[in-house]
Amino acid sequence: KTRIMFPQGRNDFKEIVTNYYYIDKTLFIQEWWYSSDFISLFARPRCFGKTLCMSCVDYFFSDRYYNTRNLFENLEISKCHEIMKLQGQFPVIFLSFSDLMNDDPITVIKQIKYKIWQVYLTFKDRLKKSDKIDDSEKSFIDLISYEMDDMIAVISIQSLCIFLNKIYVKYLEFR
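A quick note: this is a predicted structure, and the numbers were derived from the prediction, not measured.

Conventions we followed
Residue positions within a chain follow its written sequence, with the count starting from 1. Reporting of local features is limited, given that this is a predicted model, to residues whose pLDDT is at least 70; pairs of side-chain atoms are given and counted only at 80 or more, and all residues count toward the totals for whole chains, interfaces and linings. Excluding hydrogens and water, the side-chain figures rest on all heavy atoms present in the structure. For helices, the fitted axis covers only the stretch in contact; all axes are lines through C-alpha atoms, and the angles between them, taken along N-to-C directions, range from 0 to 180 degrees. Strands are runs of DSSP state E lasting at least 2 residues, helices are runs of H or I lasting at least 4, and numbering of each runs from the N terminus. Throughout, the term roughly parallel applies to angles under 35 degrees, roughly antiparallel to angles over 145, roughly perpendicular to angles from 65 to 115, and oblique to all others. Any two residues whose heavy atoms approach within 4.5 Å at even a single point are treated as in contact. Each residue is assigned to one of three groups, with Ala, Val, Leu, Ile, Met, Phe, Trp, Tyr, Cys and Pro labelled nonpolar, Asp, Glu, Lys and Arg labelled charged, and all others, Gly among them, labelled polar. Only buried residues count toward a nonpolar core. Its members are Ala, Val, Leu, Ile, Met, Phe, Trp, Tyr and Cys residues joined through side-chain atoms within 4.5 Å. Only protein chains enter the calculation, and the probe is 1.4 Å; a residue is then buried if its accessible area is under 20% of its type maximum, exposed if over 50%, and partly exposed in between. Pairing of aromatic rings covers Phe, Tyr and Trp, the last counted by its six-membered ring, and requires centre-to-centre distances within 6.5 Å; plane angles under 30 degrees mean stacked, over 60 mean edge-to-face, and any other angle means tilted. Expected span of a helix, by definition, is 1.5 Å for each gap between consecutive residues, and there is one gap fewer than residues. Note on bend: at a given residue it equals the angle between the axes fitted to the 7 residues ending there and to the 7 starting there. The definition of a polar contact used here is a pair of N or O atoms within 3.5 Å, where within protein one atom must be able to donate a hydrogen and the other to accept one, and adjacent residues in sequence count solely through side-chain atom pairs. Crossing chirality is assigned from the near helix's rotation relative to the far helix, an anticlockwise turn below a right angle marking it left-handed and a clockwise turn marking it right-handed.

S.K.: It is not clear to me how the packing of helix 2 (residues 27-34) against helix 3 (residues 50-61) should be interpreted in this structure. Could you clarify?
M.R.: Two numbers describe a pair of packed helices, the interaxial angle and the distance between the axes. The geometry of helix 2 relative to helix 3 is characterised by a closest axis approach of 10 Å and an angle of 80° between their N-to-C directions. Between helix 2 and helix 3, the crossing angle belongs to the class labelled roughly perpendicular. Judged by residue contacts, Phe-28, Ile-29, Trp-32 and Trp-33 of helix 2 engage Cys-53, Cys-56, Val-57, Phe-60 and Phe-61 from helix 3. Each residue belonging to the contact of helix 2 with helix 3 can be placed in one class, and the counts come to 9 nonpolar, no polar and no charged.

Structure representation (structure tokens):
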């Protein structure tokens, strides 16, 4: 008998598609891309696959992973040749709060700041080396830490989007 293992509590697309039985939902990538939604909100109950879906999108579009094309080779999205041209081409901000502990508000705020800082660390070298980011923006980037001021945290993700847009303006042509 073959035993099919289903991962519980696992949200990393690469881990699941490599080690477990994966129910292919990758055509969501094409559907989402062509929807022209400026903002997407995934509101589903707990344990409904939201973080796994975001992880799949991250592995598909992100330019920070090395050779992830093979993860999608035998999945439905690989048949969509136009979308496959976009694979690995973008800076992706992946921010999940699925593992936040539901403690007091102060602890949750600290956890969120830590996650924001981790996201910034992903892009920090690219941002600091870019000639498209001015000195005041680079100074702002230096303010991002797990101990940052609350107001800095509030505007940090929007600022990161603006900074990345300046560096990767060529990607606007794709959509």
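After that view, the rundown keeps rolling.
S.K.: What am I meant to see in the nonpolar core here?
M.R.: Side chains of a nonpolar character, in soluble globular proteins, are inclined to be buried together. The biggest cluster of nonpolar side chains holds 22 residues, and the ones touching the most others in it are Phe-13, Ile-29, Phe-60, Phe-61, Phe-72, Ile-77 and Ile-83. At the level of secondary structure, the elements contributing two or more residues to this core comprise helix 1 (13-19), helix 2, helix 3 and helix 4 (81-84). Per-element accounting of this core gives the leading share, 6 residues, to helix 3. In this structure Ile-83 touches Ile-29, Gln-30, Trp-33, Tyr-34, Phe-60 and Ile-77, once residues within four positions along its chain are discounted.

S.K.: Help me understand the packing of aromatic side chains in this model?
M.R.: Each pair of aromatic rings is reported with the distance of its centres and the angle of its planes. Scanning the model with the defined rule gives 15 aromatic pairs in all. Between Tyr-114 and Trp-117, the ring centres sit 5.5 Å apart and the planes meet at 55°, which makes this aromatic pair tilted. Of this pair, Tyr-114 and Trp-117 both sit in helix 5 (residues 105-129), 3 residues apart, which is roughly one turn of that helix. Overall, Tyr-114 belongs to the partly exposed group, its relative accessible area being 38%. The exposure class of Trp-117 is partly exposed, given its relative accessible area of 21%. Aromatic ring contacts, followed pair by pair, group Phe-13, Tyr-22, Trp-32, Trp-33, Tyr-59, Phe-60, Phe-61, Tyr-65, Phe-72 and Phe-90 into a single cluster.

S.K.: For this particular structure, what's the right way to read helix 7 (residues 150-167)?
M.R.: Here helix 7 is 18 residues long and its end C-alpha atoms lie 26 Å apart, about the 26 Å a rise of 1.5 Å per residue gives. Along its length, helix 7 reaches its greatest deviation from straightness, about 45°, at Ser-156. Along helix 7, the residues classified as buried are Ile-152, Ala-153, Ser-156, Ser-159, Leu-160, Phe-163, Leu-164 and Ile-167. Lining the buried residues of helix 7 we find helix 5 and helix 6 (135-143). You can read the cap of helix 7 off the contacts: a side-chain oxygen lies 3.0 Å from the backbone nitrogen of Met-151, and it is on Asp-149.

S.K.: Sorry, what's going on with the environment of Phe-123 here?
M.R.: Structurally, Phe-123 can be placed in helix 5. Overall, the relative accessible area of 1% leaves Phe-123 in the buried class. When the C-alpha atoms of Phe-123 and Phe-163 are compared, they prove to be 9.8 Å apart, with 40 residues separating the residues in sequence.

S.K.: So what exactly am I meant to see when it comes to the packing of helix 5 against helix 6 here?
M.R.: Running from amino to carboxyl end, helix 5 crosses helix 6 at an angle of 155°, the nearest separation of the two axes being 11 Å. Relative to helix 6, helix 5 is oriented roughly antiparallel. Read as a crossing pair, helix 5 and helix 6 show a hand that is left-handed. Where helix 5 approaches helix 6, its residues Tyr-120, Lys-124, Leu-127 and Lys-128 are matched on the opposing element by Lys-138, Phe-140, Ile-141 and Asp-142.

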